[in-house]
Amino acid sequence: MNSSGVLKSSSSELDLDRPNIEDYLPSGAAIQQEPRGKLRLHDLLDISPTLSEAAGAIVDDSFTRCFKSNPPEPWNWNIYLFPLWCFGVFARYLIIFPTRVLVLTIGWIIFLSSFIPVHFLLKGHDKLRRSIERSLVEMICSFFVASWTGVVRYHGPRPSRRPKQVFVANHTSMIDFIVLEQMTAFAVIMQKHPGWVGLLQSTILESVGCIWFNRSEAKDREIVARKLREHVQGADNNPLLIFPEGTCVNNHYTVMFKKGAFELGCTVCPVAIKYNKIFVDAFWNSRKQSFTKHLLQLMTSWAVVCDVWYLEPQNLKPGETPIEFAERVRDIISTRAGLKMVPWDGYLKYSRPSPKHRERNIGS
Amino acid sequence: MGNTSSMLTQYDIEEVQQHCKHAFTQQEIVSLYQRFCQLDRNNCGFIPSDEFLSIPEFAVNPLSQSLLRMLDGFNFKEFIAFLSAFSPRSTLQHKIEFIFKVYDTDCNGKVSFDDMLTVLRDLTGQYMSEHQRKEVLAQVLEEAGYTKDSFLVLSDFMKILGNSDLKMEAEVPVD
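Residues numbered from 1 in each chain as written. Chains lettered and ligands numbered in written order. Predicted model: local features only at pLDDT ≥ 70, side-chain atom pairs only at ≥ 80, totals over all residues. Heavy atoms only, no water.

A.B. asks: Any chance you could explain the overall build of chain A here in plain terms?
C.D. replies: Each helix and strand counted, chain A has 13 helices and nine strands in total. Taking all 364 residues of chain A together, 51% fall into the buried category. In chain A, the proportion of contacts linking residues at least 24 apart, taken out of those at least 6 apart, comes to 77%. Here chain A displays about 16800 Å² of accessible surface, and carbon together with sulfur accounts for 60% of that area. (Helix = DSSP H or I, 4+ residues; strand = E, 2+ residues; numbered from the N terminus. Buried < 20%, exposed > 50% of the residue type's maximum accessible area, 1.4 Å probe, protein only. Contact = heavy atoms within 4.5 Å. Areas by Shrake-Rupley, 256 points an atom, 1.4 Å probe, with all protein chains shown as cover.)

Here it is in structure tokens:
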């Protein structure tokens, strides 16, 4: 089952990653397999339960809800609110936005003028070079956060640099990474993007140690799993940050976590991020806008407010499978950030369930 | 971004209500319109059947293929008319008509043995062999007074399913 040629191979991914999706799906058997005599034509023809489920899915389904960005409701424009809002627009676009662009530009200048020399001149002194580059990356991220007037409250102990630990967080937008990076320089695993973002990825993020994956490559998973394991073993590497949802979700729900981060045999430190939509919705709906547009939207709003909780590190309990572990951590994060859990794989955004899943649904 | 900028006027809502014979309340129609706009991603005024497959819950439904046949290229009025069979306010007859349409693959008003076999196959998949299916279907048809070669029409369906309480409803979320 192909969907416009974007993704072909994910059915195998869905197989391995998802625990028993039919447990979550409502049972759809319309036929009782009784021995002859009890089955009547009426029972055979009555497909109403299955049809009701299908109609229910058409009317509203828990998967699409995860990626819905709610449009703002119209306001009550009256004699004092409307001019106030107009003034606000004026202030945001013509005063605040240019200031922010200026701040960001200054930040970039400082960053590049320090980063490039350090990168090339200190080639021999790796340790020193890395620690300076780390601080510089943290600095440029702070500049970024300042450029949207990010008000971030951090709760919990700051991440420590220890080997054999990974950090996992829920994912709403690419800015999640920037918000977390400004506190601690993480190494991150990301989808390689085109355009200027890709350029940034290959130059600056390389210095903090990043791992690339490609959703559309089938074999990619094994390569990535190997790279993850190598990274985590290294004592010198920056702590690794993983977004196990695999895609941006709208900060009201969490989709299922991929188990890759949970089978590395190390401690998992959950991080929960919750954005306050009071001024702007930080959810990056990648189907609706490019990242640049999203960033501009953030930069022309009053502020981006969010809370970050660093939660208690978790280990695999004896007798627990990686998938159960992933679900347990997802539960911890969702509870903390007030998100609802849905039993879907985020990659279904890019592909369709294969006929195999339909077969499995029949059996329940 | 959101598509509620293309808002429904009160006239539109009433017109749609007439079209679906008041199966939905006005609030439900507004909710369904938001859903329609969500599914109609390219804003072309109709939903390509492909789009329904991007709903995982729908795609794993055993009858999705049969339903897709009925769902092609729907505009909003047709979308509502389609879903009106699932409203608690629709009549039993309407629901039975809908079920009949699902079976009647070639839309000729007659449901053959093969049509029923197709739906049975969708529902049972690999849990029954083709031979078993044919046997069960033939047996059950005979018990009800039909043969393998008879064609069932709508009135037959009414007779068979008519005196049961058919539960075929989907709730429209109204916020």
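A.B. asks: So what exactly am I meant to see when it comes to unusual backbone geometry here?
C.D. replies: Leave glycine aside and you will find that most residues have negative phi; peptide bonds, for their part, are mostly trans. Positive phi, normally seen in glycine, also occurs at Thr149 of chain A, with a value near 45 degrees. By the secondary structure assignment, Thr149 of chain A is in the loop between α7 (126-147) and β1 (150-155). What makes Thr149 of chain A partly exposed here is its relative accessible area of 33%. One non-glycine residue with positive phi stands out, namely Lys21 of chain B, at about 55 degrees. Relative to the helices and strands, Lys21 of chain B is located in the loop between α1 (10-19) and α2 (26-39). What makes Lys21 of chain B exposed here is its relative accessible area of 72%.

A.B. asks: Mind showing me how you'd approach the domain arrangement of chain B here?
C.D. replies: Interfaces are often sized by the accessible area lost when the parts come together. Residues and elements named next belong to chain B. Per the domain assignment, the segments making up chain B are domain 1 (13-85) and domain 2 (92-162). For domain 1 versus domain 2, the distance between C-alpha centres works out to 25 Å. With 10 residues of domain 1 in contact, the opposing surface of domain 2 contributes 10 residues. Taken over both partners, the interface formed by domain 1 and domain 2 buries close to 920 Å², and the fraction arising from carbon and sulfur atoms is 65%. Inspection of the domain 1/domain 2 interface yields zero salt bridges. The interface formed by domain 1 and domain 2 includes four residue pairs in polar contact (both at pLDDT 80 or more). Of all elements in the fold, only α5 (64-70) and α6 (76-83) reach the threshold of two or more residues within the side of domain 1 that touches domain 2. Here the element with the most residues in the side of domain 1 that touches domain 2 is α5; it accounts for four residues. The residue inventory of the side of domain 1 that touches domain 2, partitioned by class, reads seven nonpolar, two polar and one charged. (Domains from an automatic or database assignment. Buried area = accessible area lost by both parts, 1.4 Å probe. Salt bridge = Lys/Arg side-chain N within 4 Å of Asp/Glu carboxyl O. Polar contact = N/O pair within 3.5 Å; in protein donor to acceptor, adjacent residues only side chain to side chain. Nonpolar A, V, L, I, M, F, W, Y, C, P; charged D, E, K, R; others polar.)

A.B. asks: Please clarify how the UniProt feature "transmembrane region" (unreviewed entry) in chain A should be interpreted in this entry.
C.D. replies: Residues and elements named next belong to chain A. As recorded in UniProt, the feature "transmembrane region" (unreviewed entry) lies at residues 77-95, 102-122 and 134-154. In residues 77-95, helix accounts for 79% and strand for 0%; the two terminal C-alpha atoms are 23 Å from one another. Along residues 134-154, the helical share is 67% and the strand share 24%, with 20 Å between the first and last C-alpha atoms. (UniProt positions renumbered as here; feature names shortened; annotations may be inferred.)

A.B. asks: Before we go on, may I ask you to explain the pattern of salt bridges in this structure?
C.D. replies: A side chain with one charge may pair with a side chain of the opposite charge, provided their charged atoms come close. Within the structure shown, the criterion is met by 14 salt bridges over all chains. Among the salt bridges present, the one from Arg328 of chain A reaches Glu320 of chain A, with a minimum N-O distance of 2.8 Å. With its nearest N and O atoms 3.1 Å apart, the salt bridge here joins Glu327 of chain A to Arg330 of chain A. With Glu327 of chain A and Arg330 of chain A both in helix α12 (residues 322-337), this residue pair falls three residues apart, about one helical turn. Taken individually, Glu327 of chain A and Arg330 of chain A each receive the classification buried, so the pair is uniform in this respect. Where salt bridges share partners, they join Arg121, Glu130 and Arg133 of chain B into one cluster.

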